[in-house]
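# Architecture and fold: a report
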Amino acid sequence: MTKEDADRQGRCVVLEEITDENWRDVADVAPADDQRRFVAALGARYLLLSLRDGTWNSLAVRAGGEVVGHVMWAYDEEDGTHWIGGMVVDAAEQGKGVGRATMRVLVRRLAALPSCREIRLSYHPENTPAARLYASLGFTPTGEFEDEEVVAALSSGSAAA
């Protein structure tokens with residue numbers, strides 16, 4: 001474990017595939033009430049999107065052995081970019097650095113893929129905590145919008161650094 005893999009409590013943050021053993025815990029992840037205008041009310045919505053749409057790949061976020069969140073990623077064959085979406089950290093786990101550690105681990109994982117040249121994500125323009133987090137990790141707005149959300153990008157060279 002590296003320091004970047006840990007939250008502020010020193011718990012190792014691990015991303016794992018969705019399995020028969022963890023899917024219920026992921027489905028029950030619920031953000032703080034004030035974030036529900038920016039993300040799904042439960043992780044279950046993102047799990048269903050991953051299963052039904054076929055584009056997104058869901059991952060469980062585990063810290064200290066417990067499922068504490070959800071994140072998903074996709075590859076856009078049209079423009080050759082990888083996307084991060086659907087990150088939800090359970091309300092009881094927020095403010096502990098889980099989101100930052102999740103992003104670091106996932107960015108490193110995606111940047112290691114031979115096909116990865118750029119990682120993108122989008123966020124609501126009023127979601128200032130998300131904008132600050134992503135900017136601190138090197139994501140910069142592209143000037144594009146996706147469903148009224150700001151699109152930000154990180155080159156894979158920056159991600160691997």
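Notes on the structure follow. Remember, it's a predicted structure, so these values are computed and weren't measured experimentally.

Cut-offs and rules
Residues numbered from 1 in each chain as written. Predicted model: local features only at pLDDT ≥ 70, side-chain atom pairs only at ≥ 80, totals over all residues. Heavy atoms only, no water. Core = buried A, V, L, I, M, F, W, Y, C linked by side-chain atoms within 4.5 Å. Buried < 20%, exposed > 50% of the residue type's maximum accessible area, 1.4 Å probe, protein only. Helix = DSSP H or I, 4+ residues; strand = E, 2+ residues; numbered from the N terminus. Contact = heavy atoms within 4.5 Å. Polar contact = N/O pair within 3.5 Å; in protein donor to acceptor, adjacent residues only side chain to side chain. Arc of directions from axis to C-beta. Pairing = 2+ DSSP bridges. Axes fitted to C-alpha atoms, helices over the stretch in contact; angles between N-to-C directions.

Ranked by size, the top nonpolar core spans 30 residues in total, and within it Val-71, Ile-84, Met-103, Leu-106, Leu-121, Tyr-134 and Phe-139 carry the most contacts. Every element with two or more residues in this core is listed here: strand S1 (13-17), strand S2 (57-63), strand S3 (66-76), strand S4 (81-89), helix H3 (98-111), strand S5 (118-123), helix H4 (128-136) and strand S7 (149-155). If one sorts the elements of this core by residue count, H3 sits on top with 7 residues. With near-sequence residues (within four places) excluded, Phe-139 lies in contact with Ile-84, Met-103, Val-107, Ile-119, Leu-121, Tyr-134, Ala-152, Ala-153 and Leu-154. The next biggest cluster of nonpolar side chains, apart from the first, holds 16 residues, and it includes Val-26, Ala-40, Ala-60 and Ala-74.

Moving on: the side chain of Asn-22. Within the element layout of this structure, Asn-22 appears in the loop between S1 and helix H1 (23-27). On the accessibility criterion, Asn-22 (2% relative accessible area) is buried. Side-chain polar atoms of Asn-22 contact the backbone oxygen of Glu-17, separated by 3.0 Å. A polar atom in the side chain of Asn-22 sits 2.7 Å from the backbone nitrogen of Thr-19. In this view, Asn-22 contacts Glu-16, Glu-17, Ala-60, Arg-62 and Val-67; residues no more than four positions away in its chain are not counted.

Structurally, the α-helix is built with 3.6 residues per turn, so residues lying three or four positions apart point the same way. Three or more residues of helix H2 (residues 43-53) are buried, namely Gly-43, Tyr-46, Leu-47 and Ser-50. Down the axis of H2, the sector holding all buried residues measures 105 degrees, keeping them to one side. Of the residues in H2, the exposed ones pointing more than 90 degrees away from the buried face are Arg-45, Leu-48 and Arg-52. Looking at the buried positions of H2, the neighbouring elements they touch are H1, S2, S3 and S4. Following H2 by one or two positions, Gly-54 has its phi on the positive side, about 80 degrees.

Most of S7 sits inside the fold, with 5 of its 7 residues counted as buried. Note: S5 against S7, 6 bridges, orientation antiparallel. Paired with Arg-120 across the two strands is Ala-153, which belongs to S7. The sheet contact formed by strand S6 (residues 140-146) and S7 spans 4 bridges and is antiparallel. Looking across to S7, one finds that Glu-146 is bridged to Glu-149. What sits between the antiparallel neighbours S6 and S7 is a turn of 2 residues, in which Asp-147 has the positive phi angle 50 degrees.

Attention shifts here to the sheet that holds S7. Judged by pairing direction, the sheet is mixed, and its 7 strands sit side by side in the order S1-S2-S3-S4-S5-S7-S6 without closing on themselves. Two strands in the sheet have a free side with no partner beyond their single neighbour: S1 and S6. Averaged over all neighbouring strand pairs, the angle between strand axes comes to 30 degrees, with direction disregarded. Bridging between S1 and S2 involves 5 bridges; their strand directions are antiparallel. Paired with Glu-16 across the two strands is Ala-60, which belongs to S2. Across the sheet, H3 is in contact with S1, S2, S3, S4, S5 and S7; its angle to S4 comes to roughly 155 degrees. Against the sheet, H4 engages S4 and S5, with an angle of about 165 degrees to S5.

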